[in-house]
Amino acid sequence: MSDTAELQAAQASLPAILKTVQEMLNEEKWTRAALSNYSTGQFKELDVILKEARDARVYNELKNLCDEHLVHTKNSIIALYFSGMIALSRQLIDDAVLVNLVTIFVDNHKWGIVRYLCERILDQGESKFALRTLAECCKNENEEDQILGIWERLVKVDFEEADITKSLAEHYEKLGNTETAVDYYKKALHRYINKQLFTNVREIWGKLLEFCPEDIDFFLHVEKRIAKNINEEKSVLLLEDVYASCKKRGDIDTAIGILKMILQYDEKDSLARKEIGECFKIKYKDHSQLEECIRISNLTQSWRNVREAISDFEKHIAFDKGSFVFHRTWGVGRIASMRGDEIVIDFAKKREHSMKLKMAVNALQTLSKNHIWVLKATQKKEKLHERVKNELPWALKTVIKSFGNSCDIKRIKAELVPAILSASEWTAWSGKAREILKSDPTFGVNPGNIDLFTVRDRPISIGEKLYNEFKAEKSFFDRIATIRSFAAQKDAELDSEYFNEMFEYFSAYLRSYSQVNETVVASYLLVKELSAAHPHLDQGITFDFKDLFDKIDDVPPLFLDLKDGNLREAFLRQIRLFVPTWPDIYVRLFPYALLPVIISSLEKEGFEDKLGLMVQNCFENYREHREAVLWFYKNSRSSSWFEKAGIRTEKILITLIYILDISYRDIDLHRNTTENRKVNKQVYTLLFKEGLLESSVKGADNDTILRIYTLIDDVKGLDPADKLALRSFIQDSAPGFKFSGEIEKKVSRGLIVTAAMYEEKQRQLTHLMDVEVPANSREIAFALSLGDLRENAEYKAAKEKQELLNSTAAKLKEEIERSQIFDPDTVTAGKVSFGTTVTLLNEAAGSSEEKYTILGPWESDPENRIISYLSPFGNAILNKSAGESFTFSQNDEKLSYTVKKIEKTVL
């Protein structure tokens, strides 16, 4: 067959729209259409064909057709356009095809087509290449007025573009729009720091000091980046500029803080040392001991370590007449006077206490007049209570600032409860306080500890607040939640340095990893998630999910370590999309994941055989898959694939009883206590509260009843009351069933007790072992010291008492060991049971009423009609319902009763 014939045969098998495209490609190739012949109108016609291909659902086929054509004809305009636009619509990373197409027309100065192509690219989302090219297009077509808007879009998606960002800042500065200018200058500053261009950095630094000199937090944040990315010497130069600005504005406290930072970098900086001395003199110009504090600390002496000198100066300068201090024994006091090196302090309970200044510096803690301890000592409790209760932001700031501007909720509570607020008031107050700490921009968190709150000198944006929380978070997955919150803000600044740093934190995991663990997988999924919502983000991923998945050693443990529900669902989606053996992976994951989407996906694709095998495996290995067994019982036992698995009803019941038993045992051994308590509660509810046990026993043969009861009776941690209730039910519903002697023996060993009586017996045993037994031992020792045991009455009496004490202790220990503390929440008034009060009608006494409370042998008090459930009469009443009649024989007398009413006993 000739090439032409093969081509015709291939075209005949194509859908109509693809035939049209194939013909267009052939015509383009054969006629060698010149670029000059192309117009925007032709590309609009190509867009119509794209829409038809999408509606016909042949996008994949169209792209494959064009990609094959490009192998031989790499500059085919039609193939480049179709392939590139389809790839772009799918958010594929590689945009080389469209870049090639646009470049062809740029090189030939076809600016109208260039504009159209760039706008089509931008219809799918922001693109650095398209925006740059569009700006170039506007420049070449003398449309300067449009360039500004394009630049603004560009710098939002190109986080490395610094020069254009600076140009935008200068533009708005000329217009007098200082706020917008500052915003762009800050962005440009960060970008020049990343490029390590210090000359540009210092130029913009000066601009920002001119426009927003009070934004100290910003300058200090940037200074740290400069010290890290460029060097510390350059950072000091910029700090000197900030210091000069602060001093000029009279902000002496901040100026001192800046000088301390400079001296941290270089403690031999003589200029900084001289300046900090001058600033201290300005700040404390009215202090009576200023010169003495400078002298004692040797602040101005170059031989003294500057940090030690500053520390000594600040310790001594804090002491002055009227200052508040705290002593750990005498509490809060106020300095009444200072004479030389002697100070006199008035404490609440120790007035006019005198001590040397040197001793005071070491023994006392100086407090500000607004310290919470000072307020509690000097203000009336009622007044302070009212203000704390009603002015929450003020109260929070007061306490936090009192402790070095770093304080957690636990410390706040300790200062307010019970001194100012009651415990009940704290509950409501703390809820409101947490909300304020979270939302109020004047509060932040300590960068080293997310639990410690700080007070900000100036309000910060929600974005900056979230960034600070991100830095303070210790948990990887808490950081994921924080960056999501940042991205979800209305008008979120995703081009800000804050977001870039957070995004880079996760991207870094994907560039350098030795093994694939949960952090690598989570970073991959998160970057994909954020990039899907914001396509301009540079993912920096050079591999696909299949490459990553193939390097995972064990999938289930990694899945469990993904501590984020959204990421787990994304992980499952990626497995299904990119892993050919996804059904087998789903089967392996389900016992750990317990996600309905796994079951529904397998059902939808017809993998019922795999589901059946999974069920069988979980029931066979119930110890490892106890939660999965419960899930199947609750959600899938009516499914056709579950029924085909052949899990008999009795096996389901027995497996649940086994799970109940092992969960009790694991709880006792403190193994995965939380998970086991959850499983235990669910199984107990199914078996006892929802009646699965009773329905299984009712109508069953004696062998089945025996197996079920024996298994329940062997569950060590189960309340004896439940075992007794099941025993009574069996007796009522299966009168022909006889309990064996061994079972009767086991039943009789259980002892139900109230919590109060259990504690009383424990106290009795403790008193016996800790008081009476040691006392008896001393009595025996004394008797032995008297000599001649044959005539020693004291010795005989002491030994008899020892035998009695040992017997009593042994009996108490045995009873305590057998005891099961009764849970009052399990009582119902449906039947007579432990913890109920029953009203009986005595038929033999003319239907007179008799009221009895059913408890245990420890609580039994027949005179007050409190009877034991183990007594003959108590056992006869047990499990009876209201309206039910019964007979009871006592001393050869047969008595007839009817249950009138059953009530819960208040214990």
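Residues numbered from 1 in each chain as written. Predicted model: local features only at pLDDT ≥ 70, side-chain atom pairs only at ≥ 80, totals over all residues. Heavy atoms only, no water.

## Thoughts on the overall build of the protein chain
Consideration 1: Of regular secondary structure, the protein chain possesses 45 helices and 14 strands.
Consideration 2: For 907 residues, the compact-globule estimate of 2.2 N^0.38 gives 29 Å, and the protein chain exceeds it by more than 25% at 42 Å.
Consideration 3: A principal-axis box enclosing the C-alpha atoms of the protein chain has dimensions of 125 × 110 × 60 Å.
Consideration 4: Looking at the protein chain residue by residue over its 907 residues, the buried ones come to 45%.
Consideration 5: Pairs at least 24 residues apart make up 56% of the contacts formed inside the protein chain by residues separated by at least 6 positions.
Consideration 6: Here the protein chain has roughly 48,100 Å² of accessible surface; of this, 49% comes from carbon and sulfur atoms.
Consideration 7: Across the protein chain, 127 positive and 141 negative side-chain charges occur, with their mean positions spaced 4 Å apart. (Helix = DSSP H or I, 4+ residues; strand = E, 2+ residues; numbered from the N terminus. Rg over C-alpha atoms; globule rule 2.2 N^0.38 Å. Buried < 20%, exposed > 50% of the residue type's maximum accessible area, 1.4 Å probe, protein only. Contact = heavy atoms within 4.5 Å. Areas by Shrake-Rupley, 256 points an atom, 1.4 Å probe, with all protein chains shown as cover. Lys, Arg positive; Asp, Glu negative; His and termini not counted. Charge placed at Lys NZ, Arg CZ, Asp CG, Glu CD.)

## Focus on helix 21 (residues 381–390)
Consideration 1: Inspection of helix 21 places L384, H385 and V388 among the buried residues, and these make up the whole buried set. On an axial view of helix 21, the arc spanned by its buried residues comes to 105°, and they lie on one face. Residues E382, K383 and N390 are exposed on helix 21 and point more than 90 degrees away from its buried face.
Consideration 2: On the buried face of helix 21, the contacting elements are helix 20 (372–378), helix 22 (392–402), helix 23 (409–416) and helix 24 (423–439). (Arc of directions from axis to C-beta.)

## A closer look at the pairing of strand 1 (residues 324–327)
Consideration 1: One ladder, built from 4 bridges, connects strand 1 with strand 2 (residues 331–339); its direction is antiparallel. Note on strand 2: the bridge partner recorded for V325 is G333.
Consideration 2: Taking the residues between adjacent antiparallel strands as the criterion, strand 1 and strand 2 are bridged by 3 residues.
Consideration 3: Bridge count between strand 1 and strand 5 (residues 365–367): 3 bridges; the pairing is antiparallel. Among the inter-strand pairings, F324 is bridged to a residue of strand 5, identified as L367. (Pairing = 2+ DSSP bridges.)

## Observations concerning the packing of aromatic side chains
Consideration 1: Applying the stated criterion to the full structure yields 46 aromatic pairs.
Consideration 2: Taken together, a centroid distance of 5.6 Å and an interplanar angle of 20° make the contact between F886 and Y897 stacked. Of this pair, F886 sits in strand 13 (residues 885–890) while Y897 sits in strand 14 (residues 893–904), placing them 11 residues apart in sequence.
Consideration 3: Note on F886: relative accessible area 9%, which makes it buried.
Consideration 4: Each residue in the set F470, F476, F477, Y505, F506 and Y509 is aromatic and connected to the rest through ring pairs, giving one cluster.
Consideration 5: The ring of F218 has K186 lying over it, and the distance from NZ or CZ to the ring centre is 4.6 Å.
Consideration 6: Over the aromatic face of W582 sits the side chain of R576, whose NZ or CZ is 4.8 Å from the ring centroid. (Phe/Tyr/Trp six-rings, centres within 6.5 Å; stacked < 30°, edge-to-face > 60°. Lys NZ or Arg CZ within 6 Å of the ring centre and 35° of its normal.)

## With respect to the packing of helix 26 (residues 476–488) against helix 27 (residues 497–511)
Consideration 1: The interhelical angle for the contact between helix 26 and helix 27, taken along N-to-C directions, is 140°, at an axis separation of 11 Å. Between helix 26 and helix 27, the angle is such that the two are oblique. The two elements helix 26 and helix 27 meet at a crossing, and its hand is left-handed. Contacts between helix 26 and helix 27 involve F476, R479, I480, I483, F486 and A487 from the first element and Y498, F499, M502, F503, Y505, F506 and Y509 from the second. (Axes fitted to C-alpha atoms, helices over the stretch in contact; angles between N-to-C directions. Parallel < 35°, antiparallel > 145°, perpendicular 65-115°, else oblique. Left-handed = near helix turned anticlockwise from the far one by under 90°.)

Function cannot be read off these values alone, since they describe shape.
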